[in-house]
Amino acid sequence: MFKLFKSKFYIAVILLVGIFLFGIMGYRLLGDYTWVEAAYMTVITITTVGFGEVRPTDDITKIFTIVLITSSVFIVAYAISVVTEYVLSKNALQNIKYRKMKNQIDKLDNHIIICGYGRNGMQAAKKLKAYQKPFVVIEQDEELVNKYSDDIMFVVGNANEDETLLEAGIDRAHCLISALPNDADNLFVVLSSRQLNKEITIISRASQETSQRKLKLAGANKTIMPDKIGGDHMASLVVLPDLIDFMDHLSFDDEHTINLEEVSVDDLPNGYLYKTLIDLDLRKQTGCTVIGYKQPDGKYIINPDATVELLPNSKLVVLGQPGQIKKLNTLFQIPETTFNG
């Protein structure tokens, strides 16, 4: 639809320029006006402002003026109608899109909220989208929202305001990621979010080390310093280049890369509860390798022994290719959370 309006707009511009040039050339040739006088006569004729003529006109110039007025009235009216139709239709389509988006957000439950769609917010959204996790982004830059709203659900507003957080479904959300560039803004978001939802998991960005403690006191479960992580990663490329290169392959770029995935023991068939890792035998059945075990009390066992007992509320950390992870999810009927390339 916008392509149609775009073509109409170009036609209107061409007609306006054409009638302007037509008027200048007509007055220049028929009335022997200078270029400035011809441009002046054309403008006051087309716009019908009623200013006086440069000099008395003869019959030929008067007839030309009549033709110019008649032609310009239709062309200007067409141009005004095209611009008006474009503006009104664009606003109407945007309103329809925002209403549809709001209805979708209202239906979300146990979702993730991302506050801020800068560099960190975009990376978080990309990861969540790859893992097919439902999420909504709070962003106050309408130009940014309009650019990406075809693929992502947005709430336009200030994440510091309770009304905006409620519109994003903070009371139903499972997790909130505050990725605003300013630590003070992140602190305010964390405080507000914790007040509105006592159970929500809050992850906040921090620029300064002194802000981390404040954010945790305000209610953040985890705080991340992107600059610190980036610097550490660059230094590690110097100290341990091969190891970091290997870790960089633990991604989901294609079917040959390796993924890390967490599996809740509670999601396994009941027959495996209180059994051991050797009974589960993931390596033989799926090709995945168990590299970690999170105990019910939250403590981790790295490279667990095969005799480790599978207890309720515990989790396994497994390593495998996307196809192997998918086989694991299918074989044990586990809800699939990994990226399908």
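Higher on the page you've got the structure.
Residues numbered from 1 in each chain as written. Predicted model: local features only at pLDDT ≥ 70, side-chain atom pairs only at ≥ 80, totals over all residues. Heavy atoms only, no water.

As a further point, take the overall build of the protein chain. Of regular secondary structure, the protein chain possesses 13 helices and 10 strands. Across the 341 residues in the protein chain, those meeting the buried criterion constitute 36%. Taking the intrachain contacts of the protein chain between residues at least 6 apart in sequence as the baseline, contacts between residues at least 24 apart amount to 59%. (Helix = DSSP H or I, 4+ residues; strand = E, 2+ residues; numbered from the N terminus. Buried < 20%, exposed > 50% of the residue type's maximum accessible area, 1.4 Å probe, protein only. Contact = heavy atoms within 4.5 Å.)

A separate point is the pairing of strand S1 (residues 112–115). Taking every second residue as pointing to the same face, both faces of S1 are buried, with Ile112 and Ile114 on one and Ile113 and Cys115 on the other. As paired strands, S1 and strand S2 (residues 135–139) are joined by four bridges and run parallel to one another. Its bridge partner lying in S2, cysteine 115 is registered against isoleucine 138. (Pairing = 2+ DSSP bridges.)

With that settled, the discussion passes to the environment of isoleucine 105. If you trace the backbone, isoleucine 105 turns up in helix H3 (residues 59–106). Relative accessible area serves as the criterion here: at 3%, isoleucine 105 is assigned to the buried category. C-alpha of isoleucine 105 to C-alpha of phenylalanine 135: the two residues are 30 residues apart in sequence and 8.8 Å apart in space. Isoleucine 105 has contacts with Val136, Met153, Phe154, Val155, Glu167, Ala168 and Arg172, leaving out every residue within four places of it along the chain.

Moving on: the sheet that holds strand S9 (residues 300–302). Within the open sheet, the four strands sit side by side as S7-S10-S8-S9. Their pairing is antiparallel. The two strands at the open ends of the sheet, each matched to only one other strand, are strand S7 (259–264) and S9. With direction set aside, neighbouring strand axes in the sheet form an average angle of 25°. Two elements, S7 and strand S10 (residues 315–320), share six bridges in a ladder whose sense is antiparallel. By the bridge assignment, glutamate 261 is partnered in S10 with valine 318. The sheet contacts of helix H13 (residues 322–331) involve S7 and S10, and relative to S10 the element is tilted by about 140°. (Axes fitted to C-alpha atoms, helices over the stretch in contact; angles between N-to-C directions.)

Here the focus is the packing of helix H7 (residues 183–196) against helix H8 (residues 209–218). The contact between H7 and H8 brings their axes to 8 Å, and the two run at 15°. In terms of their interaxial angle, H7 and H8 are classed as roughly parallel. Seen from above, H7 lies across H8 with right-handed handedness. Contact residues: Asp183, Asn186, Leu187, Val190, Leu191 and Arg194 in H7; Ser211, Lys214, Leu215 and Ala218 in H8. When its residues are assigned to classes, the contact of H7 with H8 shows five nonpolar, two polar and three charged. (Parallel < 35°, antiparallel > 145°, perpendicular 65-115°, else oblique. Left-handed = near helix turned anticlockwise from the far one by under 90°. Nonpolar A, V, L, I, M, F, W, Y, C, P; charged D, E, K, R; others polar.)

Before going further, it helps to spend a moment on the sheet that holds strand S3 (residues 154–156). Read across the sheet, six strands follow the order S3-S2-S1-S4-S5-S6 without closing on themselves; strand pairing throughout is parallel. The open sheet has two edge strands, S3 and strand S6 (222–224), and neither has a second partner. Going across the sheet, the axis of each strand differs from the next one's by a mean of 20°, ignoring polarity. Where strand S4 (residues 175–178) and strand S5 (residues 201–205) come together, four bridges link them in parallel fashion. Bridge pairing in S5 links leucine 176 to isoleucine 202. Docked against the sheet, helix H4 (residues 119–130) engages S1, S2, S4 and S5, running at close to 160° with respect to S1.

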